[in-house]
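# Report on the structure
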Amino acid sequence: MNKLTHLFDRNLAWANKIKAENPDFFSQLSKQQAPEYLWIGCSDSRVAANQIINLPPGEVFVHRNIANVVVHSDLNCLSVMHFAVEVLKVKHIIVCGHYGCGGIKAALENEEHGLIDNWLCHIKDVRRFHADKLKGLEYKAQLDLLCELNVIEQVKNVGNSTVVQNAWRNGENLTIHGWVYGLENGILKDLNTSICSNEELENDS
Ligand code: CO
C-alpha cells in the first residue's frame, strides 16, 4: 500500500521550518483563528489562495469550487459565508477567478462532460446574460472576458445572499471584491467591482 510517505516528509519539513522561525506559531494559532478575508476561488490546483496572496495559515478562510461559482441554493458555500461573516467577522469577501479556467472553457464550448455540466449551467447563464458582449470576439478574448464576467456575476450573488444582506443591515463593514488571477504571470487583477452596500450592489447591476 502506498502511504504517501513523501507528503508526510514534506509536512514535517514545513512545520519544522515555521517553528524554527517562530516557535510559538502553531500553539498560538491553535487557540483561535481570526482571518480578515474570505476567499471564494476555483478548485484549480494552480490557484492556491494562501500562496497567491502570500499569507500564512490563519489569515484567510477559504471556499473553492469549480469556476468559483456562488449559487444561492448551495448550502456548502452559504455555510462557509455564514460562518465567515457571522462568527469570524471577516471584513472582506474576495471572489477570485482565473484566466484559462477549465470550467469557464467547458461552459463556452458545447461538448458533453457528464455530471459537471449541471454545475456549468450556472456559467452558461452568465454567458447568456452577456451574449452581446461576447459576440464577435475571438475565442481567447471570449474566454478571458467570460472569466471576468463570471467573477462580476458571482460578486453580485454574494451581495444578494442573505448572509451579506443581514450583515449590511446590521451596519457591518463588509466589502466584496472581484479579482482575476493570471496563470501565466502569477499576478492578480482587481476588476474594480467592489461593493460594500446595497446601493453599490444596485448601481453596479
Ligand atoms: Co478554474
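What counts, and at which threshold
Residues numbered from 1 in each chain as written. Predicted model: local features only at pLDDT ≥ 70, side-chain atom pairs only at ≥ 80, totals over all residues. Heavy atoms only, no water. Helix = DSSP H or I, 4+ residues; strand = E, 2+ residues; numbered from the N terminus. Contact = heavy atoms within 4.5 Å. Areas by Shrake-Rupley, 256 points an atom, 1.4 Å probe, with all protein chains shown as cover. Lys, Arg positive; Asp, Glu negative; His and termini not counted. Charge placed at Lys NZ, Arg CZ, Asp CG, Glu CD. Donors = N, O, S within 2.8 Å, 3.2 Å for Na, K, Ca; no water. Domains from an automatic or database assignment. Axes fitted to C-alpha atoms, helices over the stretch in contact; angles between N-to-C directions. Parallel < 35°, antiparallel > 145°, perpendicular 65-115°, else oblique. Nonpolar A, V, L, I, M, F, W, Y, C, P; charged D, E, K, R; others polar. Salt bridge = Lys/Arg side-chain N within 4 Å of Asp/Glu carboxyl O. Buried < 20%, exposed > 50% of the residue type's maximum accessible area, 1.4 Å probe, protein only. Pairing = 2+ DSSP bridges.

Here we come to the overall build of the protein chain. Counting its secondary structure elements, the protein chain contains ten helices and five strands. Judged by the C-alpha coordinates and their principal axes, the protein chain covers about 55 × 50 × 30 Å. Of all intrachain contacts in the protein chain linking residues separated by at least 6 positions in sequence, the fraction that spans at least 24 positions is 61%. Accessible surface computed for the protein chain: about 11,800 Å², of which carbon and sulfur atoms make up 51%. The positive charge centre, built from 19 side chains, and the negative charge centre, built from 25, are 4 Å apart in the protein chain.

For the rest of this paragraph, the subject is the coordination of the cobalt ion. Coordination of the cobalt ion by the protein involves Cys42 (SG), His98 (NE2) and Cys101 (SG), with metal-donor separations of 2.0 to 2.3 Å. Motif for the cobalt ion, donor spacing along one chain: C-x55-H-x2-C. One end of the pair, Cys42, is in strand 1 (residues 37-42); the other, Cys101, is in the loop between strand 3 (92-98) and helix 5 (102-108), with 59 residues separating them in the sequence.

Bringing the domain arrangement of the protein chain into the picture now. Here the protein chain is described as being made up of domain 1 (1-31) and domain 2 (33-204). Computed over C-alpha atoms only, the centres of domain 1 and domain 2 are separated by 30 Å.

Before going further, it helps to spend a moment on the packing of helix 8 (residues 139-160) against helix 9 (residues 162-169). Helix-helix packing is characterised by the crossing angle of the two axes and by the distance between the axes. Following both chains from N to C, one finds helix 8 and helix 9 inclined at 60 degrees, their axes separated by 4 Å at the closest point. In terms of axis orientation, helix 8 runs oblique to helix 9. Of the residues in helix 9, those touching helix 8 at Val158, Gly159 and Asn160 are Thr162, Val164, Gln165 and Trp168. Within the contact of helix 8 with helix 9, the residues separate by chemical class into three nonpolar, four polar and no charged.

So, about the pattern of salt bridges. In this structure the tally under the stated criterion is five salt bridges. When the shortest N-O distance is used, the salt bridge between Lys89 and Glu172 registers 3.8 Å. Of this pair, Lys89 sits in the loop between helix 4 (75-87) and strand 3 while Glu172 sits in the loop between helix 9 and strand 4 (175-181), placing them 83 residues apart in sequence. In this structure Lys89 comes out as partly exposed when scored by relative accessible area, which is 42%. Judged by relative accessible area, which is 30%, Glu172 ranks as partly exposed. Between Asp144 and Lys140 there is a salt bridge, with the nearest N and O atoms lying 2.9 Å from each other. With Asp144 and Lys140 both in helix 8 and four residues apart, this pair spans about one turn of that helix.

With mixed pairing, the five strands of this open sheet are ordered in space as 2-1-3-4-5. The open sheet is flanked by strand 2 (60-65) and strand 5 (188-190), the only strands paired with a single partner. Across the sheet, the mean angle separating the axes of adjacent strands is 25 degrees when strand polarity is ignored. One ladder, built from six bridges, connects strand 1 with strand 2; its direction is parallel. Across the sheet, residue Cys42 finds its bridge partner in strand 2, namely Asn65.

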